[in-house]
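Given next are the chains, with one letter for each unit.
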Amino acid sequence: MKTLLRCALAAAALAAGTAGAQNYPSRPVTMVIPFAAGGPTDVVGRLLAQSMSKTLGQQVIVENTVGAGGTIAATRVARAAPDGYTILLHHIGHSTAPSLYRKLPYDALASFETLGLVTDVPMTVVAKGNFPAKDFGDLVKNVKANQEKINLANAGTGSASHLCGLLLQDAIGVKVTSVPYKGTAPAMNDLLGGQVDIMCDQTTNTTSYIKSGKIKAYAVTTPKRLAVLPDLPTTREAGLPAFEVAVWHGLYAPKGASNEVVSKMNHALKVALKDPIVIDRFAGLGTEPVAESRATPEVHKQYLSAEIGKWKSVMEKAGVQPE
Ligand code: MLT
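These remarks concern the structure in this document. (Residues numbered from 1 in each chain as written. Predicted model: local features only at pLDDT ≥ 70, side-chain atom pairs only at ≥ 80, totals over all residues. Heavy atoms only, no water.)

## Brief notes about the pattern of salt bridges
Quick reminder of the rule: Should a side-chain nitrogen of Lys or Arg be within 4 Å of a carboxyl oxygen of Asp or Glu, the pair is scored as a salt bridge. Helix and strand assignments follow DSSP, with helices taken as H or I runs no shorter than four residues and strands as E runs no shorter than two, numbered in order from the N terminus. In this scheme, a residue with accessible area under 20% of its type's maximum is buried, one over 50% is exposed, and one in between is partly exposed, where area comes from a 1.4 Å probe on protein chains only.
On inspection of all chains with the given rule, the structure shows 14 salt bridges. Here E113 ties to K255 by a salt bridge, and the two come within 3.7 Å at their closest N and O atoms. Remark: K255 occurs in the loop between β9 (246-254) and α9 (259-273) and E113 occurs in strand β4 (residues 112-128); sequence separation between them is 142 residues. Residue classification places E113 among the buried positions, given a relative accessible area of 18%.

In structure tokens form, the structure reads like this:
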């Protein structure tokens, strides 16, 4: 009798789960963004969320959970129910965090289901509007001569701007004072106000300010110049070919999300990456969607795993100590 009852309960639970998955999503989905509103990750996330809402037939609501270079947001999603109603949009910082934080409350690979890669955003070396350097060579001379006075803004340990700042300092052989923020949106406010001197930040945050002349731009960290900022030399042209980085972004669900959730989310992501509004806005911000072949859970997982390994070895070689 007891066995029969157990079987009946298990069958009912299975049926409920399957029905739930088939109807998924039947309510709004929360997309957690690990940095401040108005910043580069937020811009990418909101564009995706708008487009994915149309495909999913439910609103994808953006929630900014900021701090600790994105690890607070990743913790929040790793601990959320794996029912597909809480997802994470994170960037390259998800792969650098394991080398930069001694005690992460999650495993960057094992605690998540990968849903697909999104975009690779170029970075720009920028400075406050009245920074006295006319080109990248001049910037290097100025920073070298004033190392103890220069403030370099970033979005916290493990953020893309932190990583880019480390690469910049390494490439030109300086050590300046880093000033952490909870995203490069607030960091940009202080750069605009002249409270900090320089920053290495994503084109999704810097392009409009560069075009309007509110900040100065010195180089872009991609092998080729950008169509949207054609006068900006590359770091390669500036003589620093080793200083190249693009900020890849990916979507995640908590580990244990069903195949149904993963496949519906991946489909909505792929549709978003072909959405003319997304493509157009990305282009205006100096970026583009990844090729469809990279927007898959499998490729995303392999890429994340390779990136975790790559940055571990880079950080070890550079002698960067985890916090
Ligand atoms: C942000 O959205 O503020 C950035 O992606 C932060 C960063 O990683 O530099």
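## What about the site of the ligand?
Rule in force here: In this text, near means that some heavy atom of the residue lies within 4 Å of the molecule or strand in question. Distance and chemistry together define a polar contact, namely a pair of N or O atoms within 3.5 Å, with one atom able to donate a hydrogen and the other to accept it when in protein, and with adjacent residues in sequence counting only for side-chain atoms on both sides. Surface exposure here means Shrake-Rupley accessible area, sampled with a 1.4 Å probe, where a residue is shielded only by the protein chains that are shown. Using a 1 Å grid laid over the protein atoms alone, points where a 1.4 Å probe fits but cannot get out form a cavity; open sets with protein on both sides within 12 Å along at least 5 of 7 lines form a pocket; any residue with an atom within 4 Å of a point counts as lining. To qualify as sitting in a cavity or pocket, a molecule needs more than half of its atoms within 2 Å of the grid points. Following the grouping adopted for this structure description, the nonpolar residues are Ala, Val, Leu, Ile, Met, Phe, Trp, Tyr, Cys and Pro, the charged ones are Asp, Glu, Lys and Arg, and the polar ones are all others, Gly among them.
Around the ligand sit F35, G39, P40, T41, H91, A155, S159, A160, S161, G183, T184 and Q202, and that is every residue in its neighbourhood. Here an oxygen atom of the ligand and a side-chain polar atom of T41 are 2.5 Å apart. A distance of 2.9 Å separates an oxygen atom of the ligand from a polar atom in the side chain of Q202. Relative to its free-state accessible area of 270 Å², the ligand is covered by the protein chains to the extent of 100%. With respect to the pocket detection grid, the ligand is positioned in the largest cavity. Elements supplying a minimum of two residues to the shell around the ligand: α2 (40-56) and α6 (160-172). Split into classes, the residues belonging to the shell around the ligand amount to four nonpolar, eight polar and no charged.

## Focus on empty space enclosed by the protein
How we decide: Grid points are joined across faces, edges and corners, and a volume is the space filled by probe spheres set on the points.
Going through the model one piece at a time under the given rule, you end up with one cavity of 30 Å³ or more. In this structure, the largest cavity encloses a volume near 40 Å³. For the largest cavity, the full set of lining residues is F35, P40, T41, H91, A155, S159, A160, S161, G183, T184, D201 and Q202. Of all elements in the fold, only α2, α6 and β7 (198-202) reach the threshold of two or more residues within the lining of the largest cavity.

## What to know about the pairing of strand β5 (residues 151-154)
Put simply, the test is: Strand pairing is assigned whenever DSSP identifies at least 2 bridges connecting the two strands. Handedness of a crossover is defined as follows: with both strands directed away from the viewer, a clockwise route from the first strand across the helix to the second makes it right-handed.
Direction of pairing for β5 relative to strand β6 (residues 177-180): parallel, over a ladder of four bridges. Its bridge partner being in β6, N154 is matched across the sheet by P180. Taken together, β5, α6 and β6 form a β-α-β motif whose crossover is right-handed.

## With respect to the side chain of D42
Spelled out, the test is: Any two residues whose heavy atoms approach within 4.5 Å at even a single point are treated as in contact.
With respect to the helices, strands and loops of the structure, D42 is situated in helix α2. The class of D42 is buried, set by a relative accessible area of 3%. Apart from residues lying up to four places away in sequence, D42 is in contact with I33, A36, A37, V62 and N64.

## Here we look at the packing of α2 against α9
A pair of packed helices is characterised by two quantities: the angle between their axes and the separation of those axes. Note the threshold: For helices, the fitted line uses only the C-alpha atoms of the stretch in contact; every axis is such a line through C-alpha atoms, and the angle between N-to-C directions lies from 0 to 180 degrees. Oblique is the label for any angle not under 35 degrees, not over 145, and not in the 65 to 115 range, which are roughly parallel, roughly antiparallel and roughly perpendicular in turn. Should the near helix be turned anticlockwise from the far one by less than a right angle, the crossing is termed left-handed; should it be turned clockwise, right-handed.
Between α2 and α9, whose axes approach to 8 Å, the crossing angle comes to 120 degrees. As the angle between them shows, α2 and α9 are arranged oblique. Like other packed secondary-structure pairs, α2 and α9 cross with a definite hand, here right-handed. Here L48, S51, M52, T55 and L56 of α2 lie close against α9, whose contacting residues are K264, M265, H267, A268, L269, V271, A272 and L273.

## A word on the packing of aromatic side chains
Heads up, the rule is: To pair, rings of Phe, Tyr and Trp, with the six-membered ring standing in for Trp, must have centres within 6.5 Å; the planes then decide the type, stacked if under 30 degrees apart, edge-to-face if over 60, and tilted in the middle.
All told, the structure shown has four aromatic pairs when counted by the stated rule. Note on Y24 and Y85: the rings are 5.2 Å apart at their centroids and 75 degrees apart in plane angle, and the pair reads as edge-to-face. In this pair, Y24 sits in the loop between α1 (2-23) and β1 (29-33) while Y85 sits in the loop between α3 (71-78) and β3 (86-91), placing the two residues 61 residues apart along the sequence. Look at Y24 and you get buried, because its relative accessible area is 4%. Classification of Y85 as buried rests on a relative accessible area of 9%.

## Brief notes about the environment of H91
Mapped onto the elements of the fold, H91 is located in strand β3. Classification of H91 as buried rests on a relative accessible area of 2%. Each residue touching H91, except ones within four places of it in the same chain, is listed here: F35, T41, S159, A160, Q202, V247, W248 and H249.

## A closer look at the pairing of β1
Looking along a regular strand, one sees the side chains alternate between the two faces of the sheet. Summarising burial for β1: five of the five residues are buried, a large majority. Of the two faces of β1, both are covered, the one formed by V29, M31 and I33 as well as the one formed by T30 and V32. A crossover connection joins β1 to the parallel strand β2 (residues 60-64) through α2; in handedness this β-α-β unit is right-handed. Where β1 lies against β3, three bridges are found, and the strand directions are parallel. Paired with M31 across the two strands is I87, which belongs to β3.

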